[in-house]
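# Structural overview
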Amino acid sequence: MTTQPIPTNDPNPNVRFLEEVSARTAGVSRLEMCIQCGTCGGSCPPAEDMDHTPRMLFALIRAGMREQALASNTPWICVSCYHCVVRCPQEVHIADVMYTLKSMAIQAKLYKDSTAPDFSQTFVDMVETYGRSYEFGLATRHYLKHFPMRLPSMAPMGLGMLTKKRMDITPKRIEGMDQLNAILERAKTLEVV
Ligand code: SF4
Ligand code: SF4
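Nothing here was measured: the structure is a model prediction, and the numbers come from that model.

Quick notes on the rules
Residues numbered from 1 in each chain as written. Chains lettered and ligands numbered in written order. Predicted model: local features only at pLDDT ≥ 70, side-chain atom pairs only at ≥ 80, totals over all residues. pLDDT = per-residue confidence, 0-100. Helix = DSSP H or I, 4+ residues; strand = E, 2+ residues; numbered from the N terminus. Contact = placed C-beta atoms within 7 Å. Near = placed C-beta within 6 Å. Nonpolar A, V, L, I, M, F, W, Y, C, P; charged D, E, K, R; others polar. Core = buried A, V, L, I, M, F, W, Y, C linked by C-beta atoms within 7 Å. Buried ≥ 20, exposed ≤ 12 C-beta atoms within 10 Å, placed from the backbone. Domains from an automatic or database assignment.

With that settled, consider the confidence of the model for the protein chain. Mean pLDDT over the protein chain: 86, with 89% of residues reaching 70 or higher. The least confident element of the protein chain, judged by mean pLDDT, is helix α10 (residues 151–163) at 82; the most confident is helix α3 (residues 54–62) at 96. In the model, residues 1–8 has pLDDT below 50 throughout and makes 9 contacts with residues more than four positions away in sequence or in other chains.

What follows is the structure, encoded as structure tokens:
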């Protein structure tokens, strides 16, 4: 997939950017349904480390502020815990939109934080090892490597997610890893940057 630049004479660039993000999101994003209630930001465990809460990020998208939205560290900090998704009154597919924004930021070369690629590589490593995301290991490894002083402040949030069974303390490998690895290898041969 290639990035479609917004024409300078576009009569409605704000809507175009929102539509572009929505169209690039797998399934239905429902991004246009956001009512800016802020429930997502209030539910988001790592919101403190984000440049923008999900609500603020969606406001930037709605305003057509393409560079600001794609340069935000927010999608890279998102750990796909889906807290916000289950609480959003409008059923916006927030975590899926975060994946879209990461892809668009890479293509546009707009996100420059040195920890972001490392975070994504750790995520990929875990998917290739276990066949799924392993949030506890992902967050622990990332914070130990880049933000060790912040780890103690993360403990209450992590404990809450563990006790509410929103996160596993040990990784669980899926069945059929051979098939998944074959799919991933095939995907790499088709990858378009
Ligand atoms: S919780 Fe849903 S509707 Fe509310 S600001 Fe977040 S995305 Fe928008
Ligand atoms: S899925 Fe991402 S944006 Fe939503 S609460 Fe979890 S970390 Fe925050």
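Around ligand 1 sit 15 residues in total, of which Cys34, Cys37, Thr39, Cys40 and Cys88 are the nearest. Sorting the residues of the shell around ligand 1 by element identifies α2 (39–43) and α3 as the ones contributing at least two each. Split into classes, the residues belonging to the shell around ligand 1 amount to 10 nonpolar, 4 polar and 1 charged.

Moving on, we come to the site of ligand 2. In the vicinity of ligand 2, 16 residues are found, and the nearest of them are Cys44, Cys78, Cys81, His83 and Cys84. Among the elements of the structure, α2, α6 (83–87) and α7 (94–108) are those that each provide at least two residues to the shell around ligand 2. Grouping the constituent residues of the shell around ligand 2 by class yields 13 nonpolar, 3 polar and no charged.

The next subject is the nonpolar core. The biggest cluster of nonpolar side chains holds 35 residues, and the ones touching the most others in it are Val21, Leu31, Ile61, Ile94 and Leu101. Of all the secondary structure elements, the ones that give two or more residues to this core are α1 (13–24), α3, α4 (66–71), α5 (74–77), α7 and α9 (135–146). The greatest single-element share of this core, amounting to 6 residues, is contributed by α7. Residue contributions to this core reach at least three from each of two domains, namely domain 1 (13–108) and domain 2 (115–190).

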